[in-house]
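# Analysis of the macromolecular model
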Amino acid sequence: MLLLEIHIADQCYLAPQTHVDHLSQLLPTTAPEQDDARGRPLIYAELGALLGSQVEAKPDRYHALTITLRRRTVVLLVDRVERLTQPEEVHPLPPLMRKHLARPWFTGAVILEQRLLLVLDLQRIATDVALGVV
């Protein structure tokens with residue numbers, strides 16, 4: 001499974017490449033798109049704020065992760081996406097840990113270059129954003 005390395009402020013996460021339908025850059029001078037290919041309004045959300053990041057990064061550009069759901073299209077904004085990686089193993093989160101998470105947005109963890117990185121479920125996050133539960 002190929003994973004994207006996603007950076008938000010001083011944090012790094014991984015996410016399956018298959019969860020992202022389109023990856024693009026948004027410059028501060030560029031007006032974001034308003035509608036998806038089906039003519040429905042796009043929903044934009046800062047992924048860092050959803051994950052509780054207290055640090056407000058002010059990058060000169062954002063990476064936009066577009067996730068197309070059945071009825072809506074959600075664009076999650078992150079500071080940057082760096083590379084694809086294929087880890088040897090994704091360790092699922094233990095049931096006890098999953099039970100104590102505020103939201104079921106993490107599917108596992110990967111040890112990459114001697115760092116423990118959480119794997120995000122971007123489709124679940126996009127669904128919660130589209131439903132307005134966050």
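Along each chain, residue indices are assigned from 1 in the same order as the chain's sequence is written. Whole-chain, interface and lining totals are the exception, using all residues; otherwise, since this is a predicted model, local features are given only for residues with pLDDT of at least 70 and side-chain atom pairs are given and counted only at 80 or more. Neither water nor hydrogens contribute to the side-chain values; these are computed over all heavy atoms in the structure.

Under the annotation held in an unreviewed UniProt entry, the chain carries the name Chemotaxis protein CheW and is attributed to Candidatus Chloroploca mongolica.

## Things to note about the nonpolar core
Core analysis: the biggest nonpolar cluster contains 24 residues, and Ile6, Leu47, Leu65, Leu76, Leu120, Leu122 and Ile125 have the highest contact counts within it. Counting residues per element, the ones that place at least two in this core are strand S1 (3-8), strand S2 (11-16), strand S4 (43-46), strand S5 (62-68), strand S6 (73-78) and helix H3 (122-131). For this analysis, a nonpolar core means a set of buried residues of the types Ala, Val, Leu, Ile, Met, Phe, Trp, Tyr and Cys, connected via side-chain atoms within 4.5 Å. Relative accessibility under 20% of the residue-type maximum defines a buried residue, over 50% an exposed one, and the middle range a partly exposed one, all with a 1.4 Å probe and only protein chains included. The next biggest cluster of nonpolar side chains, apart from the first, holds seven residues, and it includes Cys12, Leu14, Leu112 and Leu117. Helix numbers and strand numbers start at the N terminus; a helix is a DSSP run of H or I with at least 4 residues, a strand a run of E with at least 2.

## What to know about the sheet that holds S4
An order of S3-S5-S6-S4 is seen for the four strands of this open sheet, with the pairing classed as mixed. Only two strands of the sheet have a single partner each, and these edge strands are strand S3 (22-26) and S4. For this sheet, the mean inter-axis angle between neighbouring strands, taken without regard to orientation, is 30°. Think of it this way: DSSP has to see at least two bridges between two strands before they count as a pair. Here S5 runs beside S6; their pairing, made up of six bridges, is antiparallel. Considered in S6, the bridge of alanine 64 is made with leucine 77. Along the sheet, H3 makes contact with S4, S5 and S6, crossing S6 at roughly 115°. Think of each axis as a best-fit line through the C-alpha atoms, taken over the contacting stretch in the case of a helix, with angles from 0 to 180 degrees between the N-to-C directions. The contact rule is simple, with two residues in contact once any of their heavy atoms fall within 4.5 Å.

## What to know about the environment of leucine 50
As for its placement among the helices and strands, leucine 50 is situated in helix H1 (residues 47-50). Sequence-wise, leucine 50 and isoleucine 125 are 75 residues apart; in three dimensions their C-alpha atoms are separated by 8.6 Å. Filtering out sequence-adjacent residues up to four positions away, leucine 50 remains in contact with Ala45, Leu76, Trp105, Ile125, Val129 and Val134.

## What to know about the side chain of histidine 19
Secondary-structure assignment places histidine 19 in the loop between S2 and S3. By relative accessible area, histidine 19 is classed as buried at 12%. For histidine 19, the residues in contact, after removing those within four places along its chain, are Ile67, Leu120, Asp121, Leu122 and Gln123.

## Considerations on unusual backbone geometry
In the Ramachandran plot, glutamate 113 falls in the positive-phi region, its phi being about 50° despite a non-glycine side chain. Assignment of secondary structure puts glutamate 113 in the loop between strand S9 (106-112) and strand S10 (115-120). Phi is positive for glutamine 114, which is not a glycine, with a value near 65°. In this fold, glutamine 114 is placed in the loop between S9 and S10.

## As for the side chain of histidine 7
Inspection of the secondary structure puts histidine 7 in strand S1. Polar contacts, as counted here, are pairs of nitrogen or oxygen atoms within 3.5 Å of one another; within protein the pair requires one atom able to donate a hydrogen and one able to accept it, and residues that are adjacent in sequence qualify only if both atoms are side-chain atoms. Separated by 2.9 Å, the side chains of histidine 7 and glutamate 5 make a polar contact. Ignoring sequence-local partners within four residues, the contact set of histidine 7 consists of Cys12, Val78, Asp79, Arg80 and Glu82.

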